[in-house]
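Next come the chains, spelled out residue by residue.
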Amino acid sequence: MTFQNGDDKVLSYGDNLLRRSDVDLLDGPSWLNDQIITFYFDYLWREVYAAQQSSLLFVGGAMTFLLSQLAGTGDISGILAPLQLSSKSLICFAVNDNPDAGNAEGGSHW
């Protein structure tokens, strides 16, 4: 499938879709975007650590951002419950140190 901006689909894996512009970021020097990080976390979970899936959790950028915005509110418990954090041996978060949620380009990024 070709788009007007030339951003072809390159890979569909699980719930992830990588486009040419995502993959081009890997040529550097560029920040990694949410799609690349989420794909890599999913790949690690499904392929590299398949035997340990029940004890590992990889939390991508979008979920990490959501959790950071809900910290200190009563809303966060409903989001955390399905993640079953207490049953995990290792939890990996994609972290961005941007303190301003209104500034998508802020922080030192991923």
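Look above for the structure.
We now turn to the structure provided with this report. (Residues numbered from 1 in each chain as written. Predicted model: local features only at pLDDT ≥ 70, side-chain atom pairs only at ≥ 80, totals over all residues. Heavy atoms only, no water.)

Quick notes on a nonpolar patch on the surface
Here is step 1: On the surface, Tyr40, Tyr43, Val48 and Tyr49 cluster together into a nonpolar patch covering about 380 Å² of accessible area.
Here is step 2: Along the chain, the position of valine 48 falls in helix 2 (residues 34-48). (Patch = residues over 30% accessible without salt bridge, like charges linked within 9 Å, V, L, I, M, F, W, Y side chains within 5 Å. Areas by Shrake-Rupley, 256 points an atom, 1.4 Å probe, with all protein chains shown as cover. Salt bridge = Lys/Arg side-chain N within 4 Å of Asp/Glu carboxyl O. Helix = DSSP H or I, 4+ residues; strand = E, 2+ residues; numbered from the N terminus.)

Concerning the pattern of salt bridges
Here is step 1: Per the counting criterion, the structure on display carries two salt bridges.
Here is step 2: Of the charged contacts in the structure, one is a salt bridge between aspartate 24 and arginine 20, with a shortest N-O distance of 3.6 Å. Pair noted here: aspartate 24 and arginine 20 are both in helix 1 (residues 20-24), with a separation of four residues, about one helical turn.
Here is step 3: Close ionic contact of arginine 46 with aspartate 42 constitutes a salt bridge, the shortest N to O distance being 2.9 Å. Separated by four residues within a single helix, arginine 46 and aspartate 42 lie in helix 2, roughly one turn from each other.
Here is step 4: Judged by its relative accessible area of 36%, arginine 46 is partly exposed. (Buried < 20%, exposed > 50% of the residue type's maximum accessible area, 1.4 Å probe, protein only.)

Things to note about the environment of leucine 26
Here is step 1: Summarising the element assignment, leucine 26 is placed in the loop between helix 1 and helix 2.
Here is step 2: Measuring from C-alpha to C-alpha, the distance between leucine 26 and isoleucine 36 comes to 8.7 Å, with ten residues separating the pair along the chain.
Here is step 3: Sequence-distant contacts of leucine 26, defined by excluding residues within four places in its chain, comprise Leu32 and Ile36. (Contact = heavy atoms within 4.5 Å.)

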